[in-house]
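Spelled out from the first residue to the last, the chains are:
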Amino acid sequence: MNHAKIPYGRQSIDDEDIRAVVEVLKSDWITTGPLIEKFENAFALVVDAPYAVAFSSGTAALHAAMFALGITSGDEVIVPAMTFAATANCIVYQGGTPVFADVTPDNLLIDPDDVEKKITSKTRAIISVDYAGHPCDYDRLKTIARKNDLFLVEDACHALGAEYRGKKAGSLADLTAFSFHPVKHITTGEGGMVTTDDPDMAPRARIFRNHGITTDQRQRSEQGTWYYEMVELGYNYRITDFQCALGLSQLRKLPRWLTRRREIARRYDEAFKTFVGISLLNVHQDVTHAYHLYVVRLTSDGLKTNRKAIFTSLREAGIGVNVHYIPVHLHPFYRERFRTGPGLCPIAEAAYEQIISLPIFPGMSEDDVGTVIRAVRDATDSYSG
Ligand SMILES: *Cc1c(COP(=O)(O)O)cnc(C)c1O
């Protein structure tokens, strides 16, 4: 077993966070109490969105977005191949068909040209993924969506704090989903959020979270009534109050943490641009990157070996490298259910052979960053010409 001394990502929890959680645990409401709305309102302000609805996970938030749009069987939704499976799974939960679009070679974001090619009479929506924390080309995606009468959903699970042309991730698409898994920018253990500027979508997401019921238990208790109506088929996707207390406390540290992530990325950029056999992803001028991930490509020229050997030697050196992602259309479920497979998205497939995610998280020390850089140099040196 190789236990990574420096993981690729991890949460930062301090005494203030712990106190906030303990306080709620001692209160009357430990789930669906006053902290939910507080967290939602604070989050909405941070991402410049009129509405925010909290969920038990980022996956639940994506599912709610598909429900809010009314995605159902027979509908097609375009998703990038280079993402976590949950981005596509949420379409399948609603009976829809994910249609995989390829990514651009320079930064592995959904390719607007390929999106246009994959639109059919059944297409209802596009889900864009701000891979690694770099926002997609929203001007083009919005134009394509408008022209073809499609909804645009942003999977911003990597992109809390990112900006495209001065606009925050969370305010760019019809609906946006975030995740609060411990490796993401802020954590609630498990958790997620949907943001939107659409006054009709927000209540749809809200009732979906609670079985499709129009009032929650706290509202009924306050109004002194037992009556409620279930008007849609929803789920129990509720987040607890003590998780929202953690989320609120974490949110206050987001600006500092984003600064730290960007500092680490700058140090990596400076170091790796001189390394043989490593190439960096492109960062466009018009974005502010949130650096959920720091991904490099191990290119074959100059390197005698493949990504596997370098991955293994970094893991042996205690560096918790990872690979984000196996293209979704290559997973057995998608191959069997939707007849996808190799060749469908060649750029994502080729990138997958080369990419490796290096540690980046706010708690990393300058020494840790130096350790990673040295380990990468050693691992690539021993394999280069
Ligand atoms: C983390 C993540 C999700 C899922 O979020 P969970 O909170 O783990 O359910 C979805 N999409 C992307 C791109 C992610 O990184």
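(A) Focus on the overall build of the protein. The number of helices and strands found in the protein is 14 helices and 13 strands. Computed over its C-alpha atoms, the radius of gyration of the protein comes to 21 Å, within 12% of the 21 Å expected for a compact globule of 385 residues. Projected onto the principal axes, the alpha-carbon positions of the protein cover approximately 75 × 55 × 40 Å. Burial analysis of the protein (385 residues in total) assigns 56% to the buried set. A fraction of 72% describes how many contacts in the protein between residues 6 or more apart in sequence connect residues 24 or more apart. Carbon together with sulfur atoms contributes 51% to the accessible area of the protein, which is approximately 16800 Å² in total. Computing the positive centroid from 42 side-chain charges and the negative centroid from 48, the protein places the two 3 Å apart.

(B) Main features of the packing of aromatic side chains. The tally for this structure, following the rule as stated, stands at 21 aromatic pairs. For the ring pair Phe39 and Phe43, a centre distance of 6.2 Å and an interplane angle of 70° mean the geometry is edge-to-face. Of the two residues, Phe39 and Phe43 are both situated in helix α2 (residues 34-46); the distance of 4 residues between them amounts to about one turn of the helix. What makes Phe39 buried here is its relative accessible area of 0%.

(C) Representation of the domain arrangement of the protein within the structure. Taken domain by domain, the protein consists of domain 1 (15-251) and domain 2 (254-382). Contact residues are listed per partner, giving 41 residues for domain 1 and 39 residues for domain 2. Roughly 3300 Å² of surface becomes buried between domain 1 and domain 2 when both sides are summed, with 63% attributable to carbon and sulfur atoms. Area buried by domain 1 at its contact with domain 2 is led by Phe100, His134 and His185, which between them contribute 18% of it. For the pair domain 1 and domain 2, the number of links is 1 salt bridge. The salt bridge partner of Arg165 is Asp286, with a shortest N-O separation of 3.0 Å. Our count for the contact surface shared by domain 1 and domain 2 stands at 21 residue pairs in polar contact (both at pLDDT 80 or more). Put simply, the parts of the chain that give the side of domain 1 that touches domain 2 at least two residues each are α4 (86-93), β3 (97-101), β6 (163-164) and α9 (241-251). Top element by residues in the side of domain 1 that touches domain 2 is β3. It accounts for 4 residues.

(D) Geometry of α4. With 6 of its 8 residues buried, α4 lies for the most part within the structure. Taken as a whole, α4 has its buried residues at Ala86, Thr87, Ala88, Cys90, Ile91 and Val92. Looking at the buried residues of α4, the elements they touch are α3 (58-68), β2 (76-80), β3, β4 (123-129), β5 (151-155) and α12 (332-338). Positive phi shows up at Gly95, right after α4, with a value of about 85°.

Each value, and the rule that gives it
Residues numbered from 1 in each chain as written. Predicted model: local features only at pLDDT ≥ 70, side-chain atom pairs only at ≥ 80, totals over all residues. Heavy atoms only, no water. Helix = DSSP H or I, 4+ residues; strand = E, 2+ residues; numbered from the N terminus. Rg over C-alpha atoms; globule rule 2.2 N^0.38 Å. Buried < 20%, exposed > 50% of the residue type's maximum accessible area, 1.4 Å probe, protein only. Contact = heavy atoms within 4.5 Å. Areas by Shrake-Rupley, 256 points an atom, 1.4 Å probe, with all protein chains shown as cover. Lys, Arg positive; Asp, Glu negative; His and termini not counted. Charge placed at Lys NZ, Arg CZ, Asp CG, Glu CD. Phe/Tyr/Trp six-rings, centres within 6.5 Å; stacked < 30°, edge-to-face > 60°. Domains from an automatic or database assignment. Buried area = accessible area lost by both parts, 1.4 Å probe. Salt bridge = Lys/Arg side-chain N within 4 Å of Asp/Glu carboxyl O. Polar contact = N/O pair within 3.5 Å; in protein donor to acceptor, adjacent residues only side chain to side chain.

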